Amino acid sequence: MEITYEILKVVGTTLKERRMKKCYTVLQLSEISGVTASYISQIENYKRENVSLSKLLEIAIALELRPSELFSPLDELPPFSSIKDEEPEYVRY
């Protein structure tokens, strides 16, 4: 499991669920938040790897979502140390 993808998946899903709960289209959310519809769609579909924290917060504010609500689902993931790729073992000579 790749850490970055799992984080994107959780955050994207959280944003999409809140957007749908508020009955906003991606275009409507874009107009309210000032973040492009393409950017929002990429986040919601886990296609944007380098997501700007400021843009995430702009979207969250538009959705009346506290930052803690946006990131709290990450607590359900296993500890990062248990899901990261194992470091190669180094042999001392």
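For the structure itself, look to the data block above.
My aim in this report is to walk through the structure given alongside it, one point at a time. All of these numbers come straight from a predicted model, not from anything done at the bench.

**Here's the deal with the environment of Leu70**
Mapping Leu70 onto the fold places it in helix H5 (residues 67–71). Take Leu70: its relative accessible area is 0%, and that puts it in the buried class. Between the alpha carbons of Leu70 and Leu57 there is a distance of 8.9 Å; along the sequence they are 13 residues apart.

**A closer look at the packing of aromatic side chains**
Taken as a whole and judged by the stated rule, the model has one aromatic pair. Geometrically, the ring pair formed by Tyr5 and Tyr46 is edge-to-face, given 5.9 Å between the ring centres and 80 degrees between the ring planes. Pair noted here: Tyr5 is in helix H1 (residues 3–21) and Tyr46 is in the loop between helix H3 (37–44) and helix H4 (53–62), with a separation of 41 residues, a long-range link. Note on Tyr5: relative accessible area 37%, which makes it partly exposed. Accessibility expressed as a relative area gives 27% for Tyr46, which makes it partly exposed. In this arrangement the basic side chain of Lys55 is found over the ring face of Tyr39, its NZ or CZ atom lying 5.6 Å from the centre.

**Quick notes on H3**
Looking only at H3, the buried set comprises Tyr39, Ile40, Ile43 and Glu44. Down the axis, H3 shows its buried residues gathered within 130 degrees of arc, on one side only. Where H3 ends, the next residue or the one after it, Tyr46, has phi of about 60 degrees, a positive value.

**Some thoughts on the environment of Ser52**
Among the structural elements, Ser52 can be located in the loop between H3 and H4. Engagement of the side chain of Ser52 in a polar contact is seen with the side chain of Ser54, the distance being 2.9 Å.

**Focus: unusual backbone geometry**
Phi at Cys23 takes a positive value of approximately 60 degrees, unusual for a residue other than glycine. Within the fold, Cys23 resides in the loop between H1 and helix H2 (26–33). A relative accessible area of 64% means that Cys23 is categorised as exposed. Positioned with a positive phi, Glu64 is a non-glycine residue whose angle comes to about 55 degrees. For Glu64, a relative accessible area of 59% corresponds to the exposed category.

**Focus on the side chain of Ser30**
Topologically, Ser30 is positioned in helix H2. Exposure remark for Ser30: the relative accessible area of 12% places this residue in the buried category. Residues within four places of Ser30 in sequence aside, it is in contact with Val35, Thr36, Ala37 and Ile40.

Definitions and cut-offs
Residues numbered from 1 in each chain as written. Predicted model: local features only at pLDDT ≥ 70, side-chain atom pairs only at ≥ 80, totals over all residues. Heavy atoms only, no water. Helix = DSSP H or I, 4+ residues; strand = E, 2+ residues; numbered from the N terminus. Buried < 20%, exposed > 50% of the residue type's maximum accessible area, 1.4 Å probe, protein only. Phe/Tyr/Trp six-rings, centres within 6.5 Å; stacked < 30°, edge-to-face > 60°. Lys NZ or Arg CZ within 6 Å of the ring centre and 35° of its normal. Arc of directions from axis to C-beta. Polar contact = N/O pair within 3.5 Å; in protein donor to acceptor, adjacent residues only side chain to side chain. Contact = heavy atoms within 4.5 Å.

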